[in-house]
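An overview of the molecular structure
In case you want the letters, here they are:
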Amino acid sequence: MPVAIEAHHISKQFFLGERNQRTFFEDIWSNTIFGVQRFLQPGRASLAEPSSRPSFWALQDVSFQLHQGETLAIIGENGAGKSTLLKILSRITQPTKGKAKVFGRLASLLEVGAGFHPEFSGRDNIYLNGTMLGFSKKEIRQKFDEIVDFSGLEKFIDVPVKNYSSGMYIRLAFSVAAILNPEIVILDEVIAVGDAAFKKKCFERVESIFKQGHTVIMVNHEMAHLRRMSHRCLWLRHGQVEMFGPTNEVVTHYERAMNEALDDRPRPAELAGSECASAFLAAPTN
Amino acid sequence: MSASQIDFAKPSYVVEPGKLLDSHPKSLWAYRELFLLLVKRDFVAAYKQTALGPFWFFVQPFLASLAFLVVFSQIARLSTTDLPPLVFYMSGIIVWNFFSNCVSKVAYTFLLNAQVFRKIYFPRLIMPLSQIGTNLLNFIPQLGVLFLLIGFYNLSGRGIALSPWLFALPLTLGLMALLALGLGCLIAAATVKYRDLTIVVGYMLNLWMYGSLVICPRSAVPPNLSWLVTLNPMASFVECYRSSLFGTEHAEGGPLMIAIAITLLLAGVGLACFKRSERTFTDHI
């Protein structure tokens, strides 16, 4: 089975505070001071050196491999690095270390609506978004009716999307990506959008995407869904891979760890206000 | 490219630290349809839900030309070669608007598109290129109105001869567009760090116009300031543009060479900075 995604030792470092906070003149001033210091005392380390900036690693040494047609679930608490990993895989940003190879077009089903222009009709936006995802106009034209049909917005397709309700908007966005079907699909957070009927359609569509042999990455869904739908599971914790393997096994461990964490946590009633706050803040941040 | 057509031996793309994103002409060409849709979108969006609609393209240059007519021709008595002042100013204003809108729109690339860039990947350079395209599309009808004005003058007995160099017009516009792209990209890269730079750029563009032979020909520039005009690439391009329209001025070779050199340099530096910023700008903006 050919590989869809290969991630080798991906790490991502973010700098905290300072950067981008200074104005142009402050930058010039501090660089001048730094230059003069370096000139007068070449050996001395200065405050302006970037190494002294506080930083944290959002991802550390994440490696995994995903084959075509497989479904990967990424799980982990808030701040575990899930979105950062997806951003790196989709070329939105770059890793600080490591390397990833991606085979095929990759798109996130729910974030597609970001490219909509409010003044334009649903029709125009389908074309605009489709081409942003790397599809040709011809490919979009062929599937146009299917997209409109799936979204259930036939009557409103020539109305500017600024007049859509938020439900209609997200239905259109989902339909564009789900019907155009990039080779690698990211289902971020919730698959199901809109009302119950549309939710059901979404699930059926996602199942049919699975059946067509597309590669899917699912992030933070209900564990029951993950067990049923995904082959492999990547558990991230504080930016590191806690576990990678068959979904059932990883999810079982993950649920046990979550339950233990809940049990270990002191009951809120036992804590005074300040202790409660510090218990939250004490979570390790790497 | 359907699932069956993926080449499994070669990745579609590789993500690596420090690696510049793909802007090979071939991959930009693959997104040509997006380019065209964006041009159409911005062109049409400009006059949706407005009272005058596309007439805005003509109203603004006319009003500005009239203001120049009063201030620079009637009060300051600056020469406009043998051309009627209205034709001289209007030709200058529309081409300056083309250039300055290109620069300011391209400069906003990262600030205005952050939302989209954060969600969907496509070659970022498509955005600035589409802005240039939109402005070119805005310029063409304005040029049409200029020709109507010339026709009107000719009918009323004041003959205005068009230059045989008219074919060089696209070339001058191309050079201006390249200069605008380079400069705009450079500013766009800097806006990732200093967000208010675009405001400064707005003021600078306003000032720049007065030194770019829009309000008077080179012959009317005081000798002690002529070096400034020589070093200003836009002055040479505007002069070239006007001499390819009318026969009343002749572009000078020396300043033109300087202008082309500056343009190529700025385009190179601007694109390089843009490429450097586009890699991780979403982390900072």
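Scroll up to find the structure this text is about.
Everything in this summary refers to the structure shown in the same document. Owing to the predicted nature of the structure, the values given are computational and were not obtained by experimental measurement.

What chain B contains, in helices and strands, is 11 helices and 1 strand. Ordered by position in the sequence, the α and β elements of chain B form the string β-α-α-α-α-α-α-α-α-α-α-α. Radius of gyration (C-alpha) of chain B: 21 Å, near the 19 Å computed for a compact globule of 285 residues. Seen through its C-alpha atoms, chain B measures out along the principal axes to roughly 70 × 40 × 35 Å. When each of the 285 residues of chain B is scored for burial, the buried share is 38%. Within chain B, contacts between residues separated by at least 24 positions form 80% of all contacts whose residues are at least 6 apart in sequence.

In terms of helices and strands, chain A carries 9 helices and 9 strands. Counting all 286 residues of chain A, 37% fall into the buried class. Taking as baseline every contact in chain A between residues at least 6 positions apart, the subset at least 24 positions apart corresponds to 72%.

Residues and elements named next belong to chain B. Relative orientation of the contacting elements helix 3 (residues 56-75) and helix 6 (residues 126-155) amounts to 60 degrees, with a least axis distance of 9 Å. Classified by the interaxial angle, the pair formed by helix 3 and helix 6 is oblique. In terms of crossing hand, the pair formed by helix 3 and helix 6 is right-handed. Between helix 3 and helix 6, the residues in contact are Phe-57, Phe-58 and Pro-61 and Asn-138, Pro-141, Gln-142 and Val-145, respectively.

This part covers the environment of A:Ile186. All names here are of chain A. Residue position: Ile-186 is located in strand 6 (residues 184-188). Owing to 22 C-beta atoms within 10 Å, Ile-186 belongs among the buried residues under this scheme. The spacing of Ile-186 and Ser-166 is 20 residues in sequence and 21 Å in space, taken between C-alpha atoms. In this view, Ile-186 contacts Leu-86, Leu-106, Ala-107, Ser-108, Leu-109 and Ile-217; residues no more than four positions away in its chain are not counted.

The α-helix advances 3.6 residues per turn, and as a result positions three or four apart in sequence lie on the same side. Helix length check: helix 6 of chain B (30 residues) gives 44 Å between terminal C-alpha atoms against 44 Å at 1.5 Å per residue, within 8%. Positive backbone phi, at 100 degrees, marks B:Gly157, one or two positions downstream of helix 6 of chain B.

A word on the interface of chain A and chain B. Counting residues at the interface gives 40 residues for chain A, matched by 32 residues for chain B. Listing elements by their share of the side of chain A that touches chain B, those giving two or more residues are helix 2 (82-89), strand 4 (97-102) and helix 3 (122-132) of chain A. Residues belonging to the side of chain A that touches chain B are distributed by class as follows: 17 nonpolar, 14 polar and 9 charged.

Cut-off values and rules
- Residues numbered from 1 in each chain as written.
- Chains lettered and ligands numbered in written order.
- Predicted model: local features only at pLDDT ≥ 70, side-chain atom pairs only at ≥ 80, totals over all residues.
- Helix = DSSP H or I, 4+ residues; strand = E, 2+ residues; numbered from the N terminus.
- Rg over C-alpha atoms; globule rule 2.2 N^0.38 Å.
- Buried ≥ 20, exposed ≤ 12 C-beta atoms within 10 Å, placed from the backbone.
- Contact = placed C-beta atoms within 7 Å.
- Axes fitted to C-alpha atoms, helices over the stretch in contact; angles between N-to-C directions.
- Parallel < 35°, antiparallel > 145°, perpendicular 65-115°, else oblique.
- Left-handed = near helix turned anticlockwise from the far one by under 90°.
- Expected span 1.5 Å × (residues − 1).
- Nonpolar A, V, L, I, M, F, W, Y, C, P; charged D, E, K, R; others polar.

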